[in-house]
Amino acid sequence: MRIGLRILLGYFLIVGLAAWFLLNVFVAQVKPGVRSTLEDTLLDTAHLLAEVVAADVKAGRMDDSQILARLQSFGRRHVDVSIDGVNKRSLNYRVYITDVQGRVTFDSSGHDLGKDYSRWNDVYLTLRGAYGARSTRDARSDDASAVMHVAAPIMDGERIIGVLTVAKPVSTVQPFVERSQRIILTRGAVLLVLSLLIGMAFAYWLNRALQTLMRYIADVEAGRKATLPALGNNEIGTLGRALEAMRNKLEGKEYVEELMHTLAHELKSPIAAIQGSAELMQEDMPAAERQHFLNNILNQNLRQKQLIDKLLALIRVEKQQRLSAPETVALRSLAEEVRADVAARLLARGLTLETLIDKLIVKGDPLLLRQAVGNLLDNAIDFSPPGGVITMRAETVGDEVLISVSDCGAGIPAFARERLFERFYSLPRPDGAKSTGLGLPFVREVMALHGGTVTVGNAQSGGVRAVLHLPVVLVS
């Protein structure tokens, strides 16, 4: 299933369920809401009429009461009005009065005069000082035939002398209930249709943008020339630009890989020449001296060959983003090896290397780590003034092992801080020379292979401080 269709179905399912619950609640609440309103109106009317007829009931003037006569004539009135689209042609209030025994002494409809209503809830509860109300169906199975009765006590001071009940059929308000429910359902259906249309439009836009991006990716995957289409300033556009940037970086890596293969090929010839020259030197010098220089040249030649092999292996592993067989590396031993590597350069420039190395171990490739630290030391030596001090430190901070190299040079200028790790970018040394600009990028790649990072910045005390961040190795 396409992602656009999935999003559409999920969106419509959520909106549909929410609309169904809301519509169900609204429709279900219309009827009780209207009936509650009707009951409230009946209660007010009952108390008003009970107060009005109290004097006639107390005096026993039920037959001669003008008020009760008018209540009877009220029911005979004819009306023809439209209330909010619903026609009304009759007045539906029924009023009856009972004495303290619950016997009907007045009935505006004239039907139940003299009957015993003492067992009906409206009369029974009111005579006992409670709120009396009931809803009684004329037909048991027909809820629409219900008549709502609300009673109020007729008082003589603090004494109840009778009960007045106002009744109204529920069917008179049923058209309002049905009309409200019909409007809610109609508007709800419109809401669902609009939601579906909006969801379809959103799914179409998303699917169209994704299809455009997928065509671009297919062109790139097939090796065809392709330009990033206009995807807008949104998440999909951001994704497309990220893919374009990643593509550019990958193509840059392929270029560097080809360059490294070329350099490796070019270096093999001078290495073979050095090997041949060293062998010839055995015939022209005293044996001991010749053997000493010969062994030195052979060792350096072997080291260069190993470096080339490791760099080629790094290029292959770089695509997989992991080391094939990491080893346990003791940092003190690593520091001694690196010190030996740069001893001649330190001596030539009159520099001092101070090492503060805790007894720590890390996991990784010993040669690559050695070259990474060596690159940092080479930079520190290049930028330190003669007679200066370089500090190499290794310590544990939190869940990281930090290997830092600090020099006493002039520091990094502001314009270069963001470009230190760009390939082939190099600052001129104090003597005017420039490096290849591959040292720090190489260190960064080595750290990425080891699950760490490298940071380079100006130290507070002056000079530059480069730090390798490596994961701590747990020793069981």
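Residue positions are given per chain, counting from 1 as you read along its sequence in written order. At least 70 in pLDDT is required for a residue's local features to be given in this predicted model, at least 80 for side-chain atom pairs to be given and counted, and no such filter applies to totals for whole chains, interfaces and linings, which use all residues. Computation of side-chain values: all heavy atoms of the structure, hydrogens and water removed.

K.L.:
Please explain the pattern of salt bridges as it appears in this structure.
P.N.:
Side-chain pairs of opposite charge can arise where the charged atoms are in close proximity. One side-chain nitrogen of Lys or Arg within 4 Å of one carboxyl oxygen of Asp or Glu is enough to make a salt bridge. The final tally for this structure, using the stated rule, is eleven salt bridges. Between aspartate 112 and lysine 115 there is a salt bridge, with the nearest N and O atoms lying 3.2 Å from each other. In the salt-bridge network here, residues are joined through shared partners; they are Arg94, Asp107, Asp112 and Lys115.

K.L.:
Is there a simple way to explain the environment of aspartate 378 in this structure?
P.N.:
Only DSSP runs of H or I reaching four residues or more are called helices, and only runs of E reaching two or more are called strands; each is numbered from the N terminus. Of note, aspartate 378 is situated in helix H8 (residues 366-383). Separated by 32 residues in sequence, aspartate 378 and leucine 346 have C-alpha atoms that sit 9.6 Å apart. We call two residues contacting when some pair of their heavy atoms lies within 4.5 Å. Those residues in contact with aspartate 378 that lie beyond four places of it in its chain are Val342 and Arg345.

K.L.:
Would you mind going over a nonpolar patch on the surface with me for this structure?
P.N.:
A residue counts toward a patch only above 30% relative accessible area and without a salt bridge, and it is joined to like-charged neighbours within 9 Å or, for Val, Leu, Ile, Met, Phe, Trp and Tyr, to nonpolar neighbours within 5 Å. Under the convention used here, a 1.4 Å probe and the Shrake-Rupley method define accessible areas, while residue burial counts only the protein chains that appear. Residues Val190, Val193, Leu194, Leu196, Leu197, Ile198 and Met200 make up a contiguous nonpolar surface patch of about 620 Å² in total accessible area. By the secondary structure assignment, leucine 196 is in helix H4 (residues 174-221).

K.L.:
How should the packing of aromatic side chains be read in this particular structure?
P.N.:
To describe a pair of aromatic rings, you give the distance between the ring centres and the angle between the ring planes. Any two of the Phe, Tyr and Trp rings considered here, Trp counted by its six-membered ring, make a pair once their centres fall within 6.5 Å; the pair's planes then place it as stacked at under 30 degrees, edge-to-face at over 60, or tilted in between. This model, assessed by the stated rule, comprises two aromatic pairs. Both rings, one in tyrosine 96 and one in tyrosine 117, keep their centres 5.0 Å apart while their planes meet at 90 degrees; by these two values the pair is edge-to-face. In this pair, tyrosine 96 is assigned in strand S3 (residues 94-98) and tyrosine 117 in the loop between strand S4 (104-107) and helix H3 (121-127), connecting sequence segments 21 residues apart. The cut-offs for exposure are 20% and 50% of the maximum accessible area for each residue type, with area from a 1.4 Å probe on protein chains only; residues under the lower value are buried, those over the upper are exposed, and the others partly exposed. Residue tyrosine 96 is classed as buried on the basis of its relative accessible area, which comes to 0%. Looking at tyrosine 117, the relative accessible area reads 7%, which means it is buried. On the basis of an interplanar angle of 70 degrees and a centroid distance of 6.3 Å, the ring pair of tyrosine 117 and tryptophan 120 is categorised as edge-to-face. Three or more aromatic residues joined by ring pairs make a cluster, and in this case those are Tyr96, Tyr117 and Trp120. Lysine NZ or arginine CZ positioned within 6 Å of the ring centre and within 35 degrees of the ring normal marks a charge as sitting over the ring. The ring of tyrosine 124 has arginine 128 sitting right over it, with the charged end atom 3.9 Å from the ring centre. The aromatic ring of tryptophan 120 is capped on one face by arginine 134, whose charged end is 4.1 Å from the ring centroid.

K.L.:
Please explain helix H9 (residues 439-449) as it appears in this structure.
P.N.:
Residues lying three or four places apart along an α-helix face the same way, a consequence of the helix completing one turn every 3.6 residues. For H9, a buried count of eight out of eleven residues is recorded, marking the element as mostly surrounded by other parts of the structure. Three or more residues of H9 are buried, namely Leu440, Pro441, Phe442, Val443, Glu445, Val446, Met447 and Leu449. A positive phi of about 75 degrees marks glycine 451, the residue just after H9.

K.L.:
Quick question: what am I supposed to make of the pairing of strand S6 (residues 146-156) here?
P.N.:
Successive residues of a regular strand alternate their side chains across the two faces of the sheet. Extensive coverage of S6 is indicated by the burial of eight of its eleven residues. Here strand S5 (residues 133-137) runs beside S6; their pairing, made up of five bridges, is antiparallel. When the sheet's bridge partners are listed, alanine 133 is paired in S6 with valine 150. Bridge count for S6 against strand S7 (residues 159-169) is ten bridges, and the pairing is antiparallel. Among the inter-strand pairings, methionine 155 is bridged to a residue of S7, identified as isoleucine 160. Count of turn residues in the S6/S7 antiparallel hairpin: two residues, of which glycine 157 carries a positive phi of about 70 degrees. Following DSSP output, two strands are said to pair if at least two bridges run between them.

K.L.:
Can you help me understand the packing of H8 against H9 in this one?
P.N.:
Relative orientation and spacing of two packed helices are given, respectively, by the angle between their axes and the distance between those axes. Where helices are involved, their axes are fitted lines through C-alpha atoms of the stretch in contact, as for all axes, and angles between N-to-C directions lie from 0 to 180°. Between H8 and H9, the shortest axis-to-axis distance is 9 Å and the interhelical angle comes to 145 degrees. For the element pair H8 and H9, the recorded crossing hand is left-handed. Contacts between H8 and H9 involve Leu368, Leu369, Gln371, Ala372, Asn375, Leu376 and Asn379 from the former and Gly439, Leu440, Phe442, Val443, Val446 and Met447 from the latter. Amino acid classes used here: Ala, Val, Leu, Ile, Met, Phe, Trp, Tyr, Cys and Pro are nonpolar; Asp, Glu, Lys and Arg are charged; the rest, including Gly, are polar. Across the contact of H8 with H9, the residue classes break down as nine nonpolar, four polar and no charged. Crossings are assigned a handedness: left-handed for a near helix turned anticlockwise from the far helix by less than a right angle, right-handed for a clockwise turn.

K.L.:
Just to check I follow, could you spell out the sheet that holds S3 for this structure?
P.N.:
The strands making up a sheet associate through backbone hydrogen bonding, with each pair oriented either parallel or antiparallel. With antiparallel pairing, five strands are arranged side by side in an open sheet as S4-S3-S7-S6-S5. Both edges of this open sheet fall to S4 and S5, since each of them pairs with a single strand only. Taken over all neighbouring pairs, the strand axes of this sheet differ in orientation by 25 degrees on average, direction set aside. The sheet contacts of helix H2 (residues 66-74) involve S3 and S4, and relative to S4 the element is tilted by about 50 degrees.

K.L.:
I keep staring at the side chain of aspartate 107 and nothing clicks. Help me out?
P.N.:
By secondary structure assignment, the location of aspartate 107 is in strand S4. Under the relative-accessibility criterion, aspartate 107 is labelled buried at 3%. Once you skip the residues sitting within four places of it in the chain, aspartate 107 turns out to touch Gln72, Arg94, Val95, Tyr96, Asp112 and Leu113.

K.L.:
Just to check I follow, could you spell out the sheet that holds strand S14 (residues 464-471) for this structure?
P.N.:
Pairing in this open sheet of five strands is mixed, and the strands run S9-S11-S12-S14-S13 from one edge to the other. Strands at the two margins of the open sheet, each flanked by one partner only, are strand S9 (352-357) and strand S13 (453-458). Strand-to-strand twist across the sheet, computed as the mean angle between neighbouring axes with direction ignored, equals 15 degrees. Sheet topology places S13 next to S14; six bridges connect them, and they run antiparallel. For threonine 453, the partnering residue across the bridge sits in S14 and is histidine 469.

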